[in-house]
Amino acid sequence: QSRRAECPEQRQRALEADAMATSFRASEHQHIRYNPLQDEWVLVSAHRMKRPWQGQVEPPPLTTVPRHDPHNPLCPGATRANGEVNPDYEGTFVFDNDFPALQPDAPSSGPSDHPLFQAEAARGVCKVMCFHPWSDVTLPLMSVPEIRAVVDAWASVTEELGAQYPWVQVWASSFLPDVAQREERCQRAYQNQHGEPLLMEYGRQELLRKERLVLTSEHWLVLVPFWAVWPFQTLLLPRRHVRRLPELTPAERDDLSSIMKKLLTKYDNLFETSFPYSMGWHDEQQLLRAEQGPGGRGCSPGVCLLSLPPGLGPPRAPVSWFRDGETRLLQGPDSGLGPELVLARAESTDEGTYICRTLDGALGGMVTLRLGYPPARPVVSCRAADYENFSCTWSPGQASGLPTRYLTSYRKKTVPGADGQRMSPSTGPWPCSQEPPGAARCVVHGAEFWSQYRINVTEVNPLGASTRLLDVSLQSICEYPVLEVSPDPYHRDTRLDLRV
């Protein structure tokens, strides 16, 4: 009897649910959507699209952009604000930002005197990349091979440091921005729970639903993300799991160049003008992992991720993390990070050993953390034993505590002679061969008499890169054949010694 009494109520609830499901239309009714990359909800007010348009539509101005503008500091051969002269580049051109937002040798802010007034050091490298030597050409107007050269340059800079307009800025920082932190955390949590990358599953679902696809190709997808918040927002995804730009195959790079040209052409045609936009490539975050045992190294001050050594416990088993010798819980099993511990504000006081315990309290493993630091500009010294060859040696500006390598190259410029000739644009860069390989020394062979050389020594470790540029003028050897610049500029010796 009670069952019969409940049936009308159940039927009524079912009818109401059916009515709601039938009447709701995502294109007409307000609702909120979940963004799994940021772990946040966004409001979609679809009904506001019915507002009447009361603006004015005007044709775009017919302005002509000169192909080469000598007043444009990014053009080939132009002089920038700091006095540097651009080379006569014919493809992509990358140089250090003359007025960077991040510098590699910024001092530390010191300890905070109050928890509401905290500041930390921010170090990094900023570069500018010119896509094409012509001022009137943007990416959608470039050929696919020209865009492929840009993609290769992106991958190369990504590799070196560990985008549009005809130019782009590249930043590499000692800290992980908040948006990137959330993306990293959310994607790791999803993979720990579901066993596959979040964006790979999302791409498959969009291919099945066919509701938001803009372009598809053999290796790439372009779609409007389900959680889009910007007008005309799109998401470019690879069809296979690729962590970083340098991992793309030649075929994938060609396909990326082609689909980018198609997408950007669509943007330009949307309003019949060169469409202004912002584009970012989100690689796998360069979080260093701590090694097991004494002397393990992992992170710089800032965001730090500690992982159990391979083979220790189930690959995604939830664990609890503690500082060795302490009972305070640092991260619980419900964090969604599996066996990994994230230290959001790692400092020198966080160096030491960390242990994790499984749900039954058993010891799951331990890692030892030592902090490393981004590279500082190396100290460079160049000496010439004769008029045709010279060598440069270097030493680190500060001990980083991390595996470090050095990239060495040089450019050549012709300096004014007796006839007052103008300085020619730089040529190169060419590699400055490290002799013997791996030594802190590189050699320039066959140096020319009326030439000035700019030596580039870049110190690279997993936290970034720092460059020292040193100008070496061989003309001074002719004028002062036995000159030592340091420490006594008038002391005569059999070598040229330049130090910075």
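Residues numbered from 1 in each chain as written. Predicted model: local features only at pLDDT ≥ 70, side-chain atom pairs only at ≥ 80, totals over all residues. Heavy atoms only, no water.

S.K.: So what exactly am I meant to see when it comes to the overall build of the protein chain here?
M.R.: For the protein chain, the helix and strand inventory stands at six helices and 23 strands. Summed over all atoms, the accessible surface of the protein chain reaches about 29100 Å², with 54% contributed by carbon and sulfur. (Helix = DSSP H or I, 4+ residues; strand = E, 2+ residues; numbered from the N terminus. Areas by Shrake-Rupley, 256 points an atom, 1.4 Å probe, with all protein chains shown as cover.)

S.K.: Is there a simple way to explain the state of the cysteines in this structure?
M.R.: Here is the idea: a disulfide is a covalent bond, and it sits between the sulfur atoms of two cysteines. Tallied over the full model, the rule gives two disulfides. Here Cys382 is linked by a disulfide to Cys392, with a sulfur-sulfur distance of 2.0 Å. Across the S-S bond of Cys382 and Cys392 the torsion is about 100°, and the bridge reads as right-handed. Of this pair, Cys382 sits in strand E15 (residues 379-384) while Cys392 sits in strand E16 (residues 390-395), and the two are 10 residues apart along the sequence. (Disulfide = S-S within 2.5 Å.)

S.K.: Got a minute to help me understand helix H4 (residues 198-209) in this structure?
M.R.: Every α-helical turn comprises 3.6 residues, leaving residues that sit three or four positions apart pointing alike. For H4, with 12 residues, the first-to-last C-alpha span of 17 Å sits near the 16 Å given by 1.5 Å per residue. Along H4, the residues classified as buried are Leu198, Met200, Glu201, Tyr202, Gly203 and Glu206. Note on H4: the residue one or two positions beyond its end, Lys210, has a positive phi of about 55°. (Expected span 1.5 Å × (residues − 1). Buried < 20%, exposed > 50% of the residue type's maximum accessible area, 1.4 Å probe, protein only.)

S.K.: Which parts of the structure should I look at to understand the sheet that holds strand E14 (residues 363-369)?
M.R.: Neighbouring strands of a sheet are bound in pairs by backbone hydrogen bonds; such pairs are parallel or else antiparallel. A sheet is described by the order of its strands in space; here four strands give the open sequence E11-E10-E13-E14, paired in antiparallel fashion. Bordering the open sheet on either side are strand E11 (329-331) and E14, each of which pairs with just one other strand. Ignoring which end each strand starts from, the neighbouring axes of this sheet average 35° apart. Here strand E10 (residues 320-323) pairs with E11 via two bridges, running antiparallel. Residue pairing across strands places Trp321 opposite Gln331, the latter belonging to E11. (Pairing = 2+ DSSP bridges. Axes fitted to C-alpha atoms, helices over the stretch in contact; angles between N-to-C directions.)

S.K.: Would you mind going over the nonpolar core with me for this structure?
M.R.: Counting 25 residues, the largest nonpolar core has Phe131, Leu139, Met142, Trp154 and Leu256 as the members making the most contacts within it. Elements with a contribution of two residues or more to this core: helix H2 (144-161), strand E7 (220-223) and helix H5 (250-270). Take this core: its biggest share by element is seven residues, from H2. By size, the runner-up hydrophobic cluster in this structure holds 17 residues, among which are Ala384, Tyr406, Tyr410 and Ile455. (Core = buried A, V, L, I, M, F, W, Y, C linked by side-chain atoms within 4.5 Å.)

S.K.: Whenever I open this one, the pairing of strand E4 (residues 124-130) confuses me. Can you help?
M.R.: Across a regular strand the side chains alternate sides, sitting on one face of the sheet and then on the other. Judged by how many residues are buried, E4 sits mostly within the fold: seven of seven residues are covered. The side-chain alternation of E4 yields two buried faces, one formed by Gly124, Cys126, Val128 and Cys130 and the other by Val125, Lys127 and Met129.

S.K.: Where do I start with H5 in this structure?
M.R.: Compared with an ideal rise of 1.5 Å per residue, which puts 21 residues at 30 Å, H5 spans 31 Å between its outermost C-alpha atoms and is within 8% of the ideal. Among the residues trailing H5, Glu272 stands out with phi positive, at a value near 55°.

S.K.: Whenever I open this one, the pattern of salt bridges confuses me. Can you help?
M.R.: Opposite charge on two side chains makes pairing possible when the charged atoms of those side chains draw close. This model, assessed by the stated rule, comprises 14 salt bridges. Here Glu252 makes a salt bridge to Arg240, at a shortest N to O gap of 2.4 Å. One end of the pair, Glu252, is in helix H5; the other, Arg240, is in the loop between strand E8 (235-238) and H5, and 12 residues separate them in sequence. On the basis of relative accessible area, Glu252 is assigned to the buried category, the value being 6%. You can call Arg240 partly exposed: its relative accessible area is 34%. Of the charged contacts in the structure, one is a salt bridge between Glu448 and Lys412, with a shortest N-O distance of 3.2 Å. In this pair, Glu448 sits in the loop between strand E20 (441-444) and strand E21 (451-461) while Lys412 sits in strand E17 (residues 405-414), placing the two residues 36 residues apart along the sequence. Several salt bridges converge on common partners, so that one network encompasses Arg148, Asp152, Arg253 and Asp254. (Salt bridge = Lys/Arg side-chain N within 4 Å of Asp/Glu carboxyl O.)

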